[in-house]
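Single-letter residue listing:
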Amino acid sequence: VTGRPAGWCDMVARTWPVDGVLGENGALFYRRNGRTVQRQDLGTPPAPGRMEALAESLLAQFPNLKVASDQFCRRFDLAIDFAEEVGPFPLRQAEDLAAAFEAEGAKAKVSSIHVNGWFGSWDKASGLQQVLRGHFDLDTHQLAYVGDSPNDGPLFAIAALSVGVANISEFPN
């Protein structure tokens, strides 16, 4: 389960010893079946040009930040980098950026390196619950989840066992 883009998830599903990968904060699922990988969209992709317009508006407000270098691999969200290849800038700036996403009508989540925004109602928890119902004989009472940032909060809330790695302490909530 990751906030990383579709392209990254496709690669992980094809090369790692996993049954599937949930990505873009719950918007899509890549399921490996033998040697083939199938993508299931759990969200609705944005209209053409919508994310580019959103990026232009947000970067005008936050000119020291930049669109994440993996944006070209994304299908559902816009990732603005504040601590991966720029900065790191203060968490307060990431929170202000998340509020700006929301002012534009998007849902937003802060990760340890990006602020991700999308137009839809999914998150990591709802995406995983949908995947578990449709593909696996598991429920959240059997789930252990390890995360490192606020965008993991929805899964921390539903997993039977949640583990926050050391850098989670940088985030006050």
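Going by the structure above, here's the rest.
Residues numbered from 1 in each chain as written. Predicted model: local features only at pLDDT ≥ 70, side-chain atom pairs only at ≥ 80, totals over all residues. Heavy atoms only, no water.

J.: So, the nonpolar core: which residues are in play, and what are the values?
T.: Leu54, Leu58, Leu78, Leu97, Phe101, Val110 and Val115 are the most contacted members of the largest nonpolar core, which has 20 residues in total. Every element with two or more residues in this core is listed here: helix 2 (50-61), strand 5 (77-81), helix 3 (91-103) and strand 6 (107-110). In terms of residue count, helix 3 provides more of this core than any other element does, 5 residues in total. Ignoring any residue separated from it by four or fewer positions in sequence, one finds Val110 in contact with Phe82, Leu91, Ala94, Glu95, Ala98, Val115, Ser149, Pro150, Asn151 and Phe171. Judged by nonpolar contacts, the second largest core, of 12 residues, contains Ala6, Cys9, Val21 and Tyr30. (Core = buried A, V, L, I, M, F, W, Y, C linked by side-chain atoms within 4.5 Å. Buried < 20%, exposed > 50% of the residue type's maximum accessible area, 1.4 Å probe, protein only. Helix = DSSP H or I, 4+ residues; strand = E, 2+ residues; numbered from the N terminus. Contact = heavy atoms within 4.5 Å.)

J.: For the environment of Val115, give the residues involved together with the corresponding values.
T.: By secondary structure assignment, the location of Val115 is in strand 7 (residues 114-118). Take Val115: its relative accessible area is 0%, and that puts it in the buried class. For the pair formed by Val115 and Pro46, sequence separation is 69 residues and the distance between their alpha carbons is 17 Å.

J.: Explain the sheet that holds strand 5 to me, using residue names and the numbers behind them.
T.: By way of backbone hydrogen bonds, the strands of a sheet pair with one another, either parallel or antiparallel. Taken together, the 4 strands give an open sheet; going across it, the order is 4-5-7-6, and neighbouring strands pair in antiparallel fashion. In this open sheet, the two strands that pair with only one neighbour each are strand 4 (66-67) and strand 6. Two strands pair when backbone bridges link them, and strand 5 and strand 7 are joined in this way by 5 bridges, in the antiparallel orientation. The residue bridging Asp77 from the neighbouring strand is Trp118, located in strand 7. Across the face of the sheet, helix 2 comes into contact with strand 4, strand 5 and strand 7 while running at roughly 30° to strand 5. (Pairing = 2+ DSSP bridges. Axes fitted to C-alpha atoms, helices over the stretch in contact; angles between N-to-C directions.)

J.: Quick rundown of the packing of aromatic side chains? Include the residues and the values.
T.: One pass over the full model with this rule turns up 5 aromatic pairs. With a centroid separation of 5.8 Å and an interplanar angle of 70°, the aromatic rings of Tyr145 and Phe156 are classed as edge-to-face. One end of the pair, Tyr145, is in strand 8 (residues 144-147); the other, Phe156, is in helix 5 (residues 153-158), with 11 residues separating them in the sequence. Cluster of aromatic residues (ring-pair linked, three or more members): Phe76, Trp118 and Trp122. Over the face of the ring belonging to Phe119 we find Arg50, whose NZ or CZ atom lies 3.4 Å from the ring centre. (Phe/Tyr/Trp six-rings, centres within 6.5 Å; stacked < 30°, edge-to-face > 60°. Lys NZ or Arg CZ within 6 Å of the ring centre and 35° of its normal.)

J.: Summarise the pairing of strand 3 (residues 36-41); cite the residues concerned and give the values.
T.: Summarising the sheet, strand 2 (residues 28-33) and strand 3 pair through 6 bridges and their orientation is antiparallel. Directly across from Leu28, in strand 3, lies its bridge partner Asp41. In textbook terms, the turn of a hairpin is the stretch between consecutive antiparallel strands, and for strand 2 and strand 3 this stretch comprises 2 residues, one of which, Gly34, has a positive phi near 65°.

J.: With reference to specific residues and values, describe helix 3.
T.: Residue pairs three or four apart in sequence face the same way in an α-helix, which turns once every 3.6 residues. Spanning 13 residues, helix 3 covers 18 Å between terminal C-alpha atoms, matching the ideal 18 Å at 1.5 Å per step. Taken together, the buried positions of helix 3 are occupied by Gln93, Ala94, Leu97, Ala98, Ala100 and Phe101. End-on, the buried residues of helix 3 take up no more than an arc of 160°, which puts them together on one face. In helix 3, the exposed positions angled more than 90 degrees off the buried face are occupied by Arg92 and Ala103. Summarising the contacts, the buried residues of helix 3 are in contact with helix 2, strand 5, strand 6 and strand 7. In the stretch just after helix 3, Gly105 is the one whose phi turns positive, near 90°. (Expected span 1.5 Å × (residues − 1). Arc of directions from axis to C-beta.)

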